[in-house]
Amino acid sequence: MADNKQTETLATALNAKLEKSKGTVFAICAVVVAVIVVIAVFATVKSKSTEKGIEQIDSISYALTSDASELSEEDIAVRQNTALEQLVALSSKGGIVGIRANMLIAEIKFAQKNYEEARSAWLKAIAAKKDAYTASFCYYNAAVCSEELGDTDNAIAYYAAAADDEDFILIDHALFSLGRVNETAQKYEDAKAAYEKLNELRSSASWGQLAQSRLIALKVAGNIQ
């Protein structure tokens, strides 16, 4: 009997405590539910915002390139400037929208031979999402712009960044260009390293064979051992 009474007393005490804390428990549950709802709404809004941004960029790109071969240089320039104006707001966004907006800006600026602003746009595309698969492509094009600007140091840095990604579809070009630009800068050991890496990765491909020929030429010239 004593055990039963103690059990009843304990049960009564627990019930009383739960009754007192019920409001707090419900409040906590309400907060958790509210947070989940906010996260769900945010994810939905973000998804819709991204979808809308991509649709806008697709529309801008289509308007820019549709029947472009039939246009005069003046008409092409008008289209380019219109596209650039429309892309400004989108270029400040992060994620895929910011990447695509800045890549399109970069392409337009490069076509206009404005290599400084083209490079800036390629770098902004990288900053929009640094781990995106497009980063290596953007680094490569930033290097090309740097060469056009006579900026050898940055050309080397950006080609090296592109070549760090062994899955990069243009890694052959990136490594050979890295070697070539280092040769221009008389950094022969760095050029040798780039050519050797290219030879290891693609010894039988045309770029690998070119790398082998450059290594032979550098040795004959006494620039490397």
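Rules of the game
- Residues numbered from 1 in each chain as written.
- Predicted model: local features only at pLDDT ≥ 70, side-chain atom pairs only at ≥ 80, totals over all residues.
- Heavy atoms only, no water.
- Helix = DSSP H or I, 4+ residues; strand = E, 2+ residues; numbered from the N terminus.
- Buried < 20%, exposed > 50% of the residue type's maximum accessible area, 1.4 Å probe, protein only.
- Contact = heavy atoms within 4.5 Å.
- Areas by Shrake-Rupley, 256 points an atom, 1.4 Å probe, with all protein chains shown as cover.
- pLDDT = per-residue confidence, 0-100.
- Phe/Tyr/Trp six-rings, centres within 6.5 Å; stacked < 30°, edge-to-face > 60°.
- Expected span 1.5 Å × (residues − 1).
- Axes fitted to C-alpha atoms, helices over the stretch in contact; angles between N-to-C directions.
- Left-handed = near helix turned anticlockwise from the far one by under 90°.
- Nonpolar A, V, L, I, M, F, W, Y, C, P; charged D, E, K, R; others polar.
- Parallel < 35°, antiparallel > 145°, perpendicular 65-115°, else oblique.
- Polar contact = N/O pair within 3.5 Å; in protein donor to acceptor, adjacent residues only side chain to side chain.

Counting its secondary structure elements, the chain contains nine helices and zero strands. When each of the 225 residues of the chain is scored for burial, the buried share is 31%. Put simply, of all contacts in the chain between residues at least 6 apart along the chain, 49% involve residues at least 24 apart. About 13900 Å² of surface is accessible on the chain, with carbon and sulfur atoms providing 56% of the total.

Per-residue pLDDT for the chain averages 83, and the proportion of residues at 70 or more is 80%. Overall, residues 1–45 carries pLDDT values under 50, and its contacts beyond four positions in sequence, including any with other chains, amount to zero contacts.

Let us now look at the packing of aromatic side chains. Scanning all chains against the criterion turns up seven aromatic pairs. Ring geometry for phenylalanine 110 and tyrosine 115: centres 5.1 Å apart, planes at 65 degrees, overall edge-to-face. A relative accessible area of 30% places phenylalanine 110 in the partly exposed class. Of the residues examined, tyrosine 115 reaches a relative accessible area of 16% and is grouped as buried. Within the aromatic cluster, the residues linked to one another by ring pairs are Tyr140, Tyr159 and Phe168.

Spanning twelve residues, helix α6 (residues 152–163) covers 16 Å between terminal C-alpha atoms, matching the ideal 16 Å at 1.5 Å per step. Among the residues making up α6, those that are buried are Ala155, Ile156, Tyr158, Tyr159, Ala162 and Ala163. Of the surrounding secondary structure, the elements contacted by the buried residues of α6 are α4 (115–128), α5 (135–148), α7 (171–184) and α8 (188–201).

Before going further, it helps to spend a moment on the packing of α8 against helix α9 (residues 206–220). Contact geometry for α8 and α9: axes closest at 8 Å, N-to-C directions at 145 degrees. Judged by the twist between their axes, the crossing of α8 over α9 is left-handed. Along its contact with α8, which presents Tyr188, Ala191, Lys192, Tyr195, Glu196, Leu198 and Asn199, the element α9 presents Trp207, Gly208, Ala211, Gln212, Arg214, Leu215 and Leu218. Classifying every residue of the contact of α8 with α9 gives eight nonpolar, three polar and three charged.

Turning our eyes to something else, we now look at the packing of α5 against α6. Orientation of α5 relative to α6, taken along the N-to-C sense of each, is 160 degrees, at an axis distance of 8 Å. As judged from the angle between their axes, α5 and α6 are roughly antiparallel. Taken as a pair, α5 and α6 cross one another with a handedness that is left-handed. Two secondary-structure elements touch here, α5 through Ser136, Tyr139, Tyr140, Ala142, Ala143, Val144, Ser146 and Glu147 and α6 through Asn154, Ala155, Tyr158, Tyr159, Ala161 and Ala162. Residues that form the contact of α5 with α6 fall into these classes: ten nonpolar, three polar and one charged.

We now examine the side chain of lysine 109. Note on placement: lysine 109 falls in helix α3 (residues 95–111). Relative accessible area serves as the criterion here: at 14%, lysine 109 is assigned to the buried category. Not counting the four nearest positions on each side in its chain, lysine 109 is found in contact with Leu84, Asn114, Glu117 and Ala118.

Moving on to the environment of valine 144. Structurally, valine 144 can be placed in helix α5. In sequence terms valine 144 and serine 177 are 33 residues apart; their C-alpha atoms lie 9.2 Å from each other. For valine 144, the contacting residues outside a window of four places in its chain are Phe110 and Tyr159.

What follows is about α5. Its 14 residues place the ends of α5 20 Å apart at the C-alpha level, agreeing with the 20 Å of an ideal helix rising 1.5 Å per residue. For α5, the complete set of buried residues consists of Ala135, Ser136, Cys138, Tyr140, Asn141, Ala142, Ala143, Cys145 and Ser146. Buried-residue contacts for α5 involve α3, α4, α6 and α7.

On to the environment of lysine 129. By secondary structure assignment, the location of lysine 129 is in the loop between α4 and α5. A relative accessible area of 38% places lysine 129 in the partly exposed class. For the pair lysine 129 and glycine 95, spaced 34 residues apart in sequence, the C-alpha separation works out to 5.4 Å. When sequence neighbours within four positions are dropped, the list of residues in contact with lysine 129 reads Gly95 and Ile99. At a separation of 2.9 Å, a polar atom in the side chain of lysine 129 contacts the side chain of aspartate 131.

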